[in-house]
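Tertiary structure, described
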Amino acid sequence: MSAIHLLRKLSRNPPSRLLHRNLFPSTFSLDLPPDLARTTLIRPFSNHPTIFNNTHTLIPFWVSEKTKSLSVSLREFSTSVVETNTSDKTFERVVGLNPNPLVIERIHRDEETIGESVSRGGENEVEKKSDESVVREESEAEKEAWRILEEAVVRYCGSPVGTVAANDPGDKLPLNYDQVFIRDFVPSALAFLLKGQGEIVRNFLLHTLQLQSWEKTVDCYSPGQGLMPASFKVRTVALDENTTEEVLDPDFGESAIGRVAPVDSGLWWIILLRAYGKLTGDFSLQERIDVQTGIKLIMNLCLADGFDMFPTLLVTDGSCMIDRRMGIHGHPLEIQSLFYSALRCSREMLSVNDSSNNLVRAINNRLSALSFHIREYYWVDIKKINEIYRYKTEEYSTDATNKFNIYPEQIPPWLMDWIPEQGGYLLGNLQPAHMDFRFFTLGNFWSVVSSLSTPKQNEAILNLIEAKWDDIIGHMPLKICYPALEYDDWRIITGSDPKNTPWSYHNSGSWPTLLWQFTLACMKMGRPELAEKALALAEKRLMADRWPEYYDTRSGKFIGKQSRLYQTWTVAGFLTSKLLLANPEMASKLFWEEDYELLDICVCGLSKSGRKKCSRVAAKTQILVR
Ligand code: GLC
């Protein structure tokens, strides 16, 4: 029996509800023999002289990658650019392909030909930079932010394992804000990694991995194996009169308000695992057998067969950052873009062998189908809206134009006025006879970052943000979605949720934590000035306002009605944005370029056969040719 099978078998018989310290020592030993070639060549992150001093006044400028290029492994090329070309012209239009991708990606990075601009300089420029060691003075806000972030660190048996969601001293009812949330920890982790502190992230990844194989039940029903918790807490329990011990207590949704499923947790875990490798150069973590098994369990859960007709992941309402009822059940964009990123990360990180071959094939197929589906059917701009406006309905055929039977009356009146001449975005959700036209920020930014959307679409998304700056950014970046659900929509769709009243919280509140994702998207597209402008706005207020979780009103003028103060991911999002902007080369390790290999995969085989047409080839898109 292979080691992986054995581990799987073991993890079907998990330990008791609360994890016993003795089962899980706080220092980690590597299961696998170190990859000598790699470890000898990679500079240990924590030994970096500037970082090791750990002073908060001076920040190292991360450019010294020259040495690493010697040890560069395949995973350094996250784009997986291959020397393939598609000959199918229709398909090219759909996927936004350039006939000579290799030249563009590797040599010219020519913005004109494909529109995927790149924030990095030419080779010489990078080399020049790598010799510099620029030191930047921290602002008062940054200094305070680091202090708060460090105070938010949670320890388990003496080791740092995460950060609490909020540390508001005035909050008498913290609910679960005193827990470590998987999604909330991501910006904290990136801030630590960009500062050269990898230990907390490594510990977090390994501890949450242990929680994955938990025995979890909600009213005697067990959700799928591989599910990652939404959050966990370190509890001290009494063993007897004199002794206590610390245990980790996860929440898989069984205590969460509304019993929402944390679908995004596993996806974020995989994304963070890759980021850890990329930013520290320590790939031994992702190579461990238990970590490989963890990736596989999450992927198997996501790729399990069901009744679905679409390659998008079908989820219930509130299964991501928006963890309350907000009408995002079905195929919400946020989950799809995180899913796509996690698939790309897994493809990079999984060791290919007999036991993973089938999974890797399934991942490739899904990546290809998913990107086609989103690019083709989720995209809206002025032209597409006009098309929908003139849609014929009730078309029964395989090559219908209006595939999902969308009634044009669904186009909301606000959108007709709002959509700019330049720019576009990906829909919030798509289901039979249903398009959710709201703009969801995280999903759109993460599509840019992961190249789920085409290079042209990526540009158009940033153009839209620029054109609609007052609506999406206003006084405080960034609106979680736009516009708010009001009146009957609010009553019916949120179930009259008093926390999600119009222009508050998840219902179009402004969330400063989203800054880091915006920064990454802007940097990828070579437009860091947009991020700088937003960051400057946030910096003016966040410290004075005591780092709120969210802001309210149409323009984000007021601190949110029920907003926590000293919210960790507000603090961490701010710091991560600062660090990314200061370290473009590190930032570039966190996003993906177009993957031409994926665009060529079409598994249905219909394109070559006579009578039936492959729907991808038959797709009559006019979206991407302009
Ligand atoms: C709220 C947010 C959720 C976050 C949690 C902890 O429930 O909606 O996304 O993870 O607070 O900050």
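Everything here concerns the structure above.
Keep in mind it's a predicted model, so treat the numbers as computed, not measured. Residue positions within a chain follow its written sequence, with the count starting from 1. Only residues with pLDDT of 70 or above have their local features reported here, since the model is predicted, and side-chain atom pairs are shown and tallied only from 80 upward, although totals for entire chains, interfaces and linings are computed over all residues. To obtain the side-chain values, all non-hydrogen atoms of the structure were included, while hydrogens and water were left out.

**With respect to the overall build of the protein**
The condition that has to hold: Put simply, DSSP marks the helices as runs of H or I at least four residues long and the strands as runs of E at least two long, and each gets a number from the N terminus on. Relative accessibility thresholds used throughout: buried, under 20% of the residue-type maximum; exposed, over 50%; partly exposed, between the two (1.4 Å probe, protein chains only). We call two residues in contact whenever any of their non-hydrogen atoms come within 4.5 Å of each other. All accessibility values rest on the Shrake-Rupley procedure with a 1.4 Å probe; residue burial counts only the protein chains present in the view.
Of regular secondary structure, the protein possesses 28 helices and 15 strands. The buried share of the protein, taken over its 626 residues, is 58%. A sequence separation of at least 24 residues applies to 74% of the contacts in the protein between residues at least 6 apart. Here the protein displays about 26200 Å² of accessible surface, and carbon together with sulfur accounts for 54% of that area.

**Overview of the side chain of R375**
Where we set the bar: Two N or O atoms form a polar contact when they lie within 3.5 Å of each other; inside protein one atom must be a possible hydrogen donor and the other a possible acceptor, and for residues adjacent in sequence the pair counts only when both atoms belong to side chains.
With respect to the element layout, R375 can be found in helix α16 (residues 357-378). The exposure class assigned to R375 is buried, which follows from its relative accessible area of 1%. Separated by 3.0 Å, the side chain of R375 and the backbone oxygen of S451 make a polar contact.

**Topic: a nonpolar patch on the surface**
Heads up, the condition is: Patches here: salt-bridge-free residues with over 30% relative accessible area, like charges joined within 9 Å, nonpolar side chains (Val, Leu, Ile, Met, Phe, Trp, Tyr) joined within 5 Å. Each reported salt bridge corresponds to a side-chain nitrogen of Lys or Arg within 4 Å of a carboxyl oxygen of Asp or Glu.
Together, L173, L175 and I257 give the surface a local cluster of nonpolar side chains, amounting to about 320 Å² of exposed area. If you trace the backbone, L175 turns up in the loop between β4 (159-163) and β5 (180-181).

**Remarks on the packing of helix α10 (residues 182-194) against helix α25 (residues 568-582)**
Stated precisely, the cut-off is as follows: Every angle, taken between N-to-C directions, lies between 0 and 180 degrees, and every axis is a line fitted to C-alpha atoms, over only the stretch in contact when it is a helix. Take the far helix as your reference; a near helix turned counterclockwise from it by less than a right angle gives a left-handed crossing, and one turned clockwise gives a right-handed crossing. Basically, the charged four are Asp, Glu, Lys and Arg, the nonpolar ten are Ala, Val, Leu, Ile, Met, Phe, Trp, Tyr, Cys and Pro, and anything else, Gly included, counts as polar.
Two elements in contact, α10 and α25, have axes separated by 8 Å at closest approach and are oriented at 40°. Every pair of crossing elements has a handedness; the one defined by α10 and α25 is left-handed. From α10, R183, D184, P187, S188, L190, A191 and L194 reach across to α25, where they touch T568, W569, A572, G573, L575, T576, L579 and L580. The residue makeup of the contact of α10 with α25, split by class, is 9 nonpolar, 4 polar and 2 charged.

**Some points on the pairing of strand β6 (residues 231-238)**
The following threshold applies: Should DSSP find at least two bridges between two strands, the strands are taken to pair.
As paired strands, β5 and β6 are joined by 2 bridges and run antiparallel to one another. Paired with V180 across the two strands is F232, which belongs to β6. Note that β6 and strand β7 (residues 244-251) share 8 bridges and pair antiparallel. Paired with T236 across the strands is E246, a residue of β7. Linkage of β6 to β7, two consecutive antiparallel strands, is achieved through a turn of 5 residues.

**Comments concerning helix α17 (residues 382-389)**
Since one α-helical turn is 3.6 residues long, residues separated by three or four positions face the same way. Here is the rule: What the arc covers is the set of directions going from the helix axis to the C-beta atoms.
For α17, the complete set of buried residues consists of K384, I385 and I388. Each buried residue of α17 lies within a common arc of 100° when the element is viewed along its axis, so the set occupies one face. On its buried face, α17 is in contact with α16, β8 (379-381), α18 (413-418) and β11 (434-436).

**Side note on the sheet that holds β5**
One open sheet holds the 3 strands; their spatial order is β5-β6-β7, and the pairing between them is antiparallel. This sheet does not close on itself; its edge strands, each paired only once, are β5 and β7.

**Points about the environment of D240**
By the element assignment, D240 lies in the loop between β6 and β7. Judged by relative accessible area, D240 falls into the partly exposed class, the value being 46%. There is a polar contact of 2.9 Å between the side chain of D240 and the backbone nitrogen of N242. Polar side-chain contacts of D240 include one of 2.6 Å to the side chain of T243.

**A short note on empty space enclosed by the protein**
Heads up, the rule is: Residues are said to line a cavity or pocket when one of their atoms sits within 4 Å of a point; the points come from a 1 Å grid over protein atoms alone, cavities being sets where a 1.4 Å probe fits but cannot get out and pockets being open sets with protein on both sides within 12 Å along at least five of seven lines. Grid points are joined across faces, edges and corners, and a volume is the space filled by probe spheres set on the points.
A complete count under the given rule lists 8 cavities of 30 Å³ or more for this structure. Considering only enclosed or pocket space, the largest cavity measures out at about 360 Å³ in volume. Forming the walls of the largest cavity are 27 residues, and the residues nearest its centre are N176, F181, R183, D323 and Y505. The class makeup of the residues in the lining of the largest cavity is 14 nonpolar, 6 polar and 7 charged.

**Focus on helix α23 (residues 515-524)**
Among the 10 residues of α23, 10 are classified as buried, and the element is accordingly described as predominantly covered. All buried positions along α23 are accounted for by L515, W516, Q517, F518, T519, L520, A521, C522, M523 and K524. Just downstream of α23 lies G526, where phi reads positive at about 70°.

**Considerations on the nonpolar core**
Selection criterion: Think of a nonpolar core as a cluster: buried Ala, Val, Leu, Ile, Met, Phe, Trp, Tyr and Cys residues, connected wherever their side-chain atoms sit within 4.5 Å.
Counting residues in hydrophobic clusters, the biggest one holds 157 residues, and the most contacted among them are W269 and F518. Take this core: its biggest share by element is 10 residues, from helix α12 (residues 263-280). Apart from the residues within four sequence positions on either side, W269 is in contact with L205, T208, L209, M228, V291, G294, I295 and I298.

Structural measurements only, silent on function.
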